[in-house]
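Examining the three-dimensional arrangement
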Amino acid sequence: MERVFGLLSWTLSRVLGLPGLFEQGAARQPRIMEEKALEVYDLIRTIRDPEKPNTLEELEVVTESCVEVQELSEDDYLVIIRFTPTVPHCSLATLIGLCLRVKLQRCLPFKHKLEIYISEGTHSTEEDINKQINDKERVAAAMENPSLREIVEQCVLEPD
């Protein structure tokens, strides 16, 4: 019976163009996490680099593979971003992490916990920067600085 249901589900999803309509819980889980990861990536890819006229996607600071989403509970997710600065001594890596955090806190339509890291081995002070961009108090203090806030706002502004 389960095999018949699986075949029926597969056929209906292909004919009706509704993938996942008849999938059961565990079978749908990876697809849902992939969709949420793409949703996150679509938000962060357009963030502008603080010193270049390019987006983080164009500079390959963020890629689809740098986003991971895990389910914490039914309606709560853990979003993990691992970005790669353009050079190992990038002085603006902390600011890029701040821009990622601000954009996602404002725009993600689902409940989430956010962790942002520099990809391992891609920056000379990655441990220190990882601590800074994941410390709520430091992030709040940084956003109180008018100059920093203005730069972040410019970077996260959606292109026309």
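Just so it is clear, the model here is predicted, and its values are computed rather than measured. (Residues numbered from 1 in each chain as written. Predicted model: local features only at pLDDT ≥ 70, side-chain atom pairs only at ≥ 80, totals over all residues. Heavy atoms only, no water.)

1. Topic: the pairing of strand β1 (residues 67-73)
The two faces of a sheet get side chains in turn, since along a regular strand they alternate between them. As paired elements, β1 and strand β2 (residues 76-83) share 6 bridges and run antiparallel to each other. Paired with Ser73 across the bridge in β2 is Asp76. Linking β1 to β2, which pair antiparallel, is a turn of 2 residues. (Pairing = 2+ DSSP bridges. Helix = DSSP H or I, 4+ residues; strand = E, 2+ residues; numbered from the N terminus.)

2. Details of the nonpolar core
Within the largest apolar cluster, 39 residues are counted, with the highest numbers of intra-cluster contacts made by Val40, Ile44, Val62, Val67, Ile81, Phe83 and Leu100. When contributions to this core are tallied by element, the ones reaching two or more residues are α2 (25-44), β1, β2, α3 (93-107), β3 (111-118), α4 (126-133), α5 (136-144) and α6 (146-156). Per-element accounting of this core gives the leading share, 8 residues, to α3. Each residue touching Val40, except ones within four places of it in the same chain, is listed here: Val67, Val69, Val79, Ile81, Leu104, Leu108 and Phe110. (Core = buried A, V, L, I, M, F, W, Y, C linked by side-chain atoms within 4.5 Å. Buried < 20%, exposed > 50% of the residue type's maximum accessible area, 1.4 Å probe, protein only. Contact = heavy atoms within 4.5 Å.)

3. Thoughts on the environment of Ile151
Note on placement: Ile151 falls in helix α6. Separated by 52 residues in the primary sequence, Ile151 and Cys99 place their C-alpha atoms 8.9 Å from one another. Once residues lying within four places of it in the same chain are set aside, the contact partners of Ile151 are Pro50 and Leu95.

4. Side note on the environment of His112
Here His112 is to be found in strand β3. Spatially, the C-alpha atoms of His112 and Val79 are 6.6 Å apart, while their sequence positions differ by 33 residues.

5. A closer look at the pattern of salt bridges
This model, assessed by the stated rule, comprises 8 salt bridges. Here Glu35 ties to Arg31 by a salt bridge, and the two come within 2.5 Å at their closest N and O atoms. Residue Glu35 and its partner Arg31 are both found in helix α2; the two are separated by 4 residues, about one turn of the helix. Given the relative accessible area of 42%, Glu35 is considered partly exposed. Classification of Arg31 by relative accessible area gives partly exposed; the value is 23%. Arg106 is the partner of Glu153 in a salt bridge, and the nearest nitrogen-oxygen pair spans 2.4 Å. Taken as a pair, Glu153 in helix α6 and Arg106 in helix α3 lie far apart in primary sequence, 47 residues in all. Residue classification places Glu153 among the partly exposed residues on the basis of a relative accessible area of 30%. (Salt bridge = Lys/Arg side-chain N within 4 Å of Asp/Glu carboxyl O.)

6. Focus on the side chain of Glu115
Counting through the fold element by element, Glu115 comes out in strand β3. When near neighbours in sequence (up to four residues on either side) are disregarded, Glu115 contacts Leu78, Val79, Ile80, Ile81, Arg101 and Asn134.

7. Considerations on the packing of aromatic side chains
In total, this model carries 1 aromatic pair according to the counting rule given. Plain terms: the ring middles of Tyr77 and Phe110 are 5.3 Å apart, the flat faces sit at 75° to each other, and that makes the pair edge-to-face. Taken as a pair, Tyr77 in strand β2 and Phe110 in the loop between α3 and β3 lie far apart in primary sequence, 33 residues in all. With respect to class, Tyr77 is no different from Phe110; both count as buried. Above the face of the Phe110 ring, Lys36 is positioned so that its terminal group lies 4.3 Å from the ring centre. (Phe/Tyr/Trp six-rings, centres within 6.5 Å; stacked < 30°, edge-to-face > 60°. Lys NZ or Arg CZ within 6 Å of the ring centre and 35° of its normal.)

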